[in-house]
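In case you want the letters, here they are:
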Amino acid sequence: MSSDHSIPPGGTIGILGGGQLGRMTALAAAQLGYRVHIFTPEQDSPASHVSDGVTIAAYEDEAALDRFARQVDVVTLEFENIPASPVRFLSERVPVRPGPRVLEIAQDRLAEKRFFNELGIKTAPWREVKSAGDLEAAFGEIGAPCVLKTARLGYDGKGQAKITSAADLAGAWAGLGTNLGILEGFISFDCEVSALVARGLDGSWAAWDVVQNVHTNHILDTTSAPALLSQPVLDQAVAIAHRAAEALDLVGVLAVEMFLTRDGRLLVNEMAPRPHNSGHWTIDACLTSQFEQVVRAVCGLPLGTPKRHSDAVMTNLIGDMAEAWESYLHEPNAKLHLYGKAERRQGRKMGHVTRLYPLGRRPHS
Ligand code: AMP
């Protein structure tokens, strides 16, 4: 259903996925008077704890999807590795925002790179790799260092291997675990940034301040807001994200992660058509958070102002780090967010803490 009607408070938002992004979206939805129904294959999911309804079923379960579609007024998603066919199935029954086409591009690194390059937006050099022979040829063109990634279903560094010489090729291919990969030139970057924009049902848009990210072991460690970079670079980062959102005809929130190279160029790494970890700081430091904004966008409400009232540094609480929850509560400028995950695993995001500073006063990272 490509209906462009809006859903007033009191309606029910369906969310595909039950993780922390769904949880924080559900909290924002409740504040605006909406109900939320989560669809997830996961038992005891973080989002289900704070939602009105939950369907626990496989994404391919059409009977469950059909029931879900009847119980909600609009569907959005909190993670993009959902198979496209259930999203298409739902979109024939209820508005799905963002729609299946956006998802198909965002969940495939090859399609994503093509999408940006076709818009004239630069990325790392890349080649599609479908066999050990392709990998060798691509390595010959791109050279070392480079990184082999699975084209699909990869996140937080899963399914990635760095290649520093031809001797790494066979091991990297064998370790990929699939026969559709992408070889990317490894970028020696000055820093990583992300630009986060929202686009409403009426095409209006809003951008938060561009932020600077630090990853450790491929997982986001900290986000500092705002990024302390020159105005032309900041403007360009926002323009890239806005251009992508327009080209996708996106309704919702779009995060675009980029590398800033040592010679000052912005290269897109990837995008996420949903609230993003690098936007969590907006809950505590902006007039409108990314979660409130996605609710406004998908329900067809006017977008809120993304203005930043504080500087912020967000730190992910990964694995054991969440054990120190009490110490964060003693910090006067820290806001603690825990996701209610019962099982602690290495590398698992258990929560985050956002430290607030007066405007212009955040520590330099
Ligand atoms: P990804 O899974 O693509 O989000 O990658 C996670 C992190 O790995 C990125 O944020 C970077 O820190 C690093 N990384 C991924 N691809 C590259 C690349 N082509 N060059 C340099 N660093 C990369």
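Residues numbered from 1 in each chain as written. Predicted model: local features only at pLDDT ≥ 70, side-chain atom pairs only at ≥ 80, totals over all residues. Heavy atoms only, no water.

*Asks:* Got a minute to help me understand the overall build of the protein chain in this structure?
*Replies:* A tally of helices and strands in the protein chain yields 11 helices and 17 strands. Compactness check: the protein chain gives a C-alpha radius of gyration of 20 Å against a globular reference of 21 Å for 365 residues, within 12% of the reference. Seen through its C-alpha atoms, the protein chain measures out along the principal axes to roughly 60 × 50 × 40 Å. Within the protein chain, the fraction of its 365 residues that count as buried is 57%. Considering only contacts in the protein chain between residues 6 or more positions apart, those separated by 24 or more positions represent 62%. The averaged location of the 42 negative side-chain charges in the protein chain is 2 Å from the averaged location of its 35 positive side-chain charges. (Helix = DSSP H or I, 4+ residues; strand = E, 2+ residues; numbered from the N terminus. Rg over C-alpha atoms; globule rule 2.2 N^0.38 Å. Buried < 20%, exposed > 50% of the residue type's maximum accessible area, 1.4 Å probe, protein only. Contact = heavy atoms within 4.5 Å. Lys, Arg positive; Asp, Glu negative; His and termini not counted. Charge placed at Lys NZ, Arg CZ, Asp CG, Glu CD.)

*Asks:* Mind showing me how you'd approach the side chain of D108 here?
*Replies:* Secondary-structure assignment places D108 in the loop between α4 (100–106) and α5 (109–118). Here L110 takes part through its backbone nitrogen, which lies 2.8 Å from a polar atom of the side chain of D108. Beyond its immediate sequence surroundings of up to four residues, D108 is in contact with A151 and R152. (Polar contact = N/O pair within 3.5 Å; in protein donor to acceptor, adjacent residues only side chain to side chain.)

*Asks:* Mind showing me how you'd approach the nonpolar core here?
*Replies:* Grouped burial of nonpolar side chains is what soluble globular proteins tend to show. Core analysis: the largest hydrophobic core is formed by 36 residues, its most contacted members being I13, Y34, V36, W208, W281, V295 and C299. Counting only elements with at least two residues in this core, the list comes to β1 (12–16), α1 (20–31), β2 (35–40), β9 (189–199), β12 (219–225), β13 (252–261), α10 (290–298) and β15 (311–318). Viewed by domain, this core spans two of them, domain 1 (12–96) and domain 3 (189–357), each represented by three or more residues. I105, A237, I240 and M258 belong to the second-largest nonpolar core, a separate cluster that totals 30 residues. (Core = buried A, V, L, I, M, F, W, Y, C linked by side-chain atoms within 4.5 Å. Domains from an automatic or database assignment.)

*Asks:* Would you explain the pairing of β2 in this entry?
*Replies:* Counting buried positions over the six residues of β2 gives five, a clear majority of the element. In this structure, β1 lies alongside β2, joined through five bridges in parallel fashion. When the bridges of β2 are listed, I15 appears paired with I38. With respect to chirality, the unit in which β1 leads through α1 into the neighbouring parallel β2 is right-handed. Here four bridges tie β2 to strand β3 (residues 53–56), and the two strands are oriented parallel to one another. For H37, the partnering residue across the bridge sits in β3 and is G53. (Pairing = 2+ DSSP bridges. Right-handed = clockwise from strand over helix to strand, strands pointing away.)

*Asks:* What is the right way to read the site of the ligand from this model?
*Replies:* Taken together, 16 residues lie around the ligand, and K149, Q160, I187, E192 and E270 are the ones closest in. Here R109 contributes a side-chain N or O atom positioned 3.0 Å from an oxygen atom of the ligand. One of the side-chain N or O atoms of H218 is found 3.0 Å from an oxygen atom in the ligand. The fraction of the free accessible surface of the ligand (480 Å²) that becomes covered by protein chains is 95%. Secondary structure elements with two or more residues in the shell around the ligand: β6 (146–150), β8 (181–185), β9 and β14 (266–272). Taken together, the residues of the shell around the ligand sort by class into five nonpolar, six polar and five charged. (Near = heavy atom within 4 Å. Areas by Shrake-Rupley, 256 points an atom, 1.4 Å probe, with all protein chains shown as cover. Nonpolar A, V, L, I, M, F, W, Y, C, P; charged D, E, K, R; others polar.)

*Asks:* Before we go on, may I ask you to explain the sheet that holds β2 in this structure?
*Replies:* Two orientations exist for strands paired in a sheet by backbone hydrogen bonds: parallel and antiparallel. Ordered in space as β3-β2-β1-β4, the four strands form an open sheet in which the pairing is parallel. Taken across any chain shown, the strands that pair with only one partner, and hence form the sheet edges, are β3 and β4 (74–77). Geometrically, the sheet is characterised by an average inter-axis angle of 20° between neighbouring strands, direction not taken into account. Both β1 and β4 contribute to a ladder of four bridges, which runs parallel. What sits directly across from G14, in β4, is V75. Here helix α2 (residues 62–71) sits on the sheet in contact with β1, β2, β3 and β4, set at roughly 170° to β2. (Axes fitted to C-alpha atoms, helices over the stretch in contact; angles between N-to-C directions.)

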